Amino acid sequence: TNVVDVYQYRLVGGVQGNISALEDFGQGNWSYEVSAIYSASKGDNSIIGIKEANLLNSLDTSVRNADGSITCGTGSDGCVPVNLFSSNIYQLGGGVLTQAEGDYLFDSREISTEVKQTMVTGFISGDAFTLPWNDQIVPLVVGAEFRKDEIITDANPVAAEGLLWGYFSDEGADGSRNLKEIFFETEAPLLRGEKWAEELTLTASGRWTDESFYDAESTFSFKAIYRPTEWFTI
């Protein structure tokens, strides 16, 4: 028997608005947005299976006594002789298996895993300046993000020690990590509506990332869009 139950929920909230204090900075039109997301999921896995050590103990030590009875084990370890020729030996609570055989052979492998994530993101955007030769606006976005990932596993001894026949030991994983990032993005419309240059735009973006288990790293991207005519773009 294998039973899996999973549930998940997510909470999302945010706020956005204009920044009137920055209207005199650059070309104005500055705004902000801040959002927070918390999500969590939990899965419970329950498996009924055969205890390997008990099955081997029953098979390896079963003997027929002089009076015709069958016993196994040391006499003090609770061993129950099991009839492997039973038609439904692998079914818990079957009509052929006795309650004693079922109690001795079967056990439950229980694992519960919970995964959580907390993320907070904020950025401001606006018109930084205009290009002097064509009065095109150069926008700018600057922001930051924080993320925390967590995992918590609770495994019973049957799962942690791999006591069931055909299943490995699984102690699960427990831990967390933090991720902090700062990013920006901008674009410069260098040319518009010129001969052999319907559009020439440069874009640039960058991100600085600091992760709990690694050194901080920076990532940058530079791109260009060139349209000599309306019907052709590079």
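Residues numbered from 1 in each chain as written. Predicted model: local features only at pLDDT ≥ 70, side-chain atom pairs only at ≥ 80, totals over all residues. Heavy atoms only, no water.

## Regarding the overall build of the chain
We count it as follows: Strands are runs of DSSP state E lasting at least 2 residues, helices are runs of H or I lasting at least 4, and numbering of each runs from the N terminus. The atom set for the radius of gyration is the C-alpha atoms, and the globule formula is 2.2 Å times the number of residues raised to the power 0.38. Contacts were defined at the residue level, with two residues in contact if any of their heavy atoms lie within 4.5 Å. In this description, accessible areas are obtained by the Shrake-Rupley approach with a 1.4 Å probe, and a residue is regarded as covered only by the protein chains that are shown. We score Asp and Glu as negative and Lys and Arg as positive, and we do not count His or the chain ends. In plain terms, the charge of a residue is placed at NZ if it is Lys, CZ if Arg, CG if Asp and CD if Glu.
Check the secondary structure of the chain and you find 3 helices and 9 strands. Shown N-terminal to C-terminal, the secondary structure of the chain runs as helices and strands in the order β-β-α-β-β-α-β-β-α-β-β-β. Taking 2.2 N^0.38 as the reference for a compact globule, 234 residues should give roughly 17 Å; the C-alpha atoms of the chain span a radius of gyration of 33 Å, well beyond that estimate. When its C-alpha atoms are laid out on the principal axes, the chain stretches across 110 × 40 × 35 Å. Summarising the internal contacts of the chain: among those between residues at least 6 apart in sequence, 61% fall at separations of at least 24. A total accessible area of about 15000 Å² is found for the chain, and carbon and sulfur atoms account for 55% of it. Separation of charge centres in the chain, based on 15 positive and 35 negative side chains, amounts to 4 Å.

## Remarks on the pattern of salt bridges
Stated precisely, the cut-off is as follows: In what follows, salt bridge is the name for a side-chain nitrogen of Lys or Arg lying within 4 Å of a carboxyl oxygen of Asp or Glu. Summary of the burial criterion: residues with accessible area below 20% of their type's maximum are buried, those above 50% are exposed, and those between are partly exposed, where the area comes from a 1.4 Å probe applied to protein chains only.
Per the stated rule, a full pass over the model turns up 8 salt bridges. Among the salt bridges present, the one from Arg177 reaches Glu211, with a minimum N-O distance of 2.9 Å. Taken as a pair, Arg177 in strand β7 (residues 175-194) and Glu211 in strand β8 (residues 197-211) lie far apart in primary sequence, 34 residues in all. According to the relative accessible area criterion, Arg177 is partly exposed, its value standing at 27%. Between Glu230 and Arg227 there is a salt bridge, with its nearest N and O atoms 3.1 Å apart. Put simply, Arg147, Asp149, Arg177 and Glu211 are held in one network by salt bridges that share partners.

## Observations concerning unusual backbone geometry
One non-glycine residue, Asn29, lies in the positive phi region at around 60°. Along the chain, Asn29 falls in the loop between β1 (2-18) and β2 (31-50). Notably, Trp196 is not glycine yet its phi reads approximately 60°, a positive angle. If you trace the backbone, Trp196 turns up in the loop between β7 and β8.

## Here's the deal with the state of the cysteines
Applied cut-off: Cysteine sulfurs are considered disulfide-paired once they come within 2.5 Å of each other.
Within the structure shown, the criterion is met by 1 disulfide. One disulfide bridge connects Cys72 with Cys79, the sulfur atoms lying 2.0 Å from each other. Between Cys72 and Cys79, the S-S dihedral sits near -110°, and the bridge is therefore left-handed. Pair check on accessibility: Cys72 and Cys79 agree, each one buried.

## Concerning the side chain of Lys116
Here Lys116 lies in strand β5 (residues 106-130). In this structure Lys116 is buried but unpaired, with Glu114 as the nearest side chain of opposite charge at 4.1 Å.

## A few points about the pairing of strand β9 (residues 217-227)
The condition that has to hold: Two strands make a pair as long as DSSP finds a minimum of two bridges between them.
As defined by bridge partners, β8 adjoins β9 across 11 bridges and the pair is classed as antiparallel. The residue bridging Ala204 from the neighbouring strand is Phe222, located in β9. In sequence, β8 turns back onto β9 through a hairpin of 5 residues.

## Things to note about the pairing of β5
Pairing analysis gives 20 bridges linking β2 to β5, with the strands arranged antiparallel. By the bridge assignment for β5, Asn45 is matched with Ile111. Pairing analysis gives 19 bridges linking β5 to strand β6 (residues 137-155), with the strands arranged antiparallel. Across the sheet, residue Ile124 finds its bridge partner in β6, namely Val142.

## Focus on helix α1 (residues 52-61)
Filter applied, for reference: Directions from the helix axis toward the C-beta atoms define the arc.
Looking at α1, one finds that the buried residues are Asn54, Leu55 and Ser58. The buried residues of α1 all sit within an arc of 100° when viewed along its axis, so they share a single face. Opposite the buried face of α1, by more than 90 degrees, sit the exposed residues Ala53 and Asp60. Residues of α1 that are buried make contact with β2 and α2 (99-105).

## Here's the deal with the sheet that holds β1
This is how the line gets drawn: Each axis is a line fitted through C-alpha atoms, and for a helix only the stretch in contact is used; angles between axes span 0 to 180 degrees, taken between their N-to-C directions.
As summarised here, the arrangement of the 7 strands in space is β1-β2-β5-β6-β7-β8-β9, forming an open sheet in which the pairing is antiparallel. Strands at the two margins of the open sheet, each flanked by one partner only, are β1 and β9. Between one strand axis and the next, the sheet turns by 10° as a mean value, whatever way the strands run.

## Focus on the packing of aromatic side chains
Where we set the bar: What counts as a ring pair is set by centres within 6.5 Å for rings of Phe, Tyr and Trp (its six-membered ring), and what kind of pair is set by the plane angle: stacked under 30 degrees, edge-to-face over 60, tilted for all other angles. The criterion for a charge sitting over a ring is simple: Lys NZ or Arg CZ within 6 Å of the ring centre, and within 35 degrees of the ring normal.
All told, the structure shown has 3 aromatic pairs when counted by the stated rule. With 6.2 Å between their ring centres and 45° between their planes, Tyr9 and Tyr38 make a pair best called tilted. Of this pair, Tyr9 sits in strand β1 while Tyr38 is found in strand β2, placing the two residues 29 residues apart along the sequence. Exposure remark for Tyr9: the relative accessible area of 37% places this residue in the partly exposed category. Residue Tyr38 is classed as partly exposed on the basis of its relative accessible area of 25%. Here the basic side chain of Arg109 rests over the ring of Phe168, its NZ or CZ set 5.4 Å away from the ring centre.

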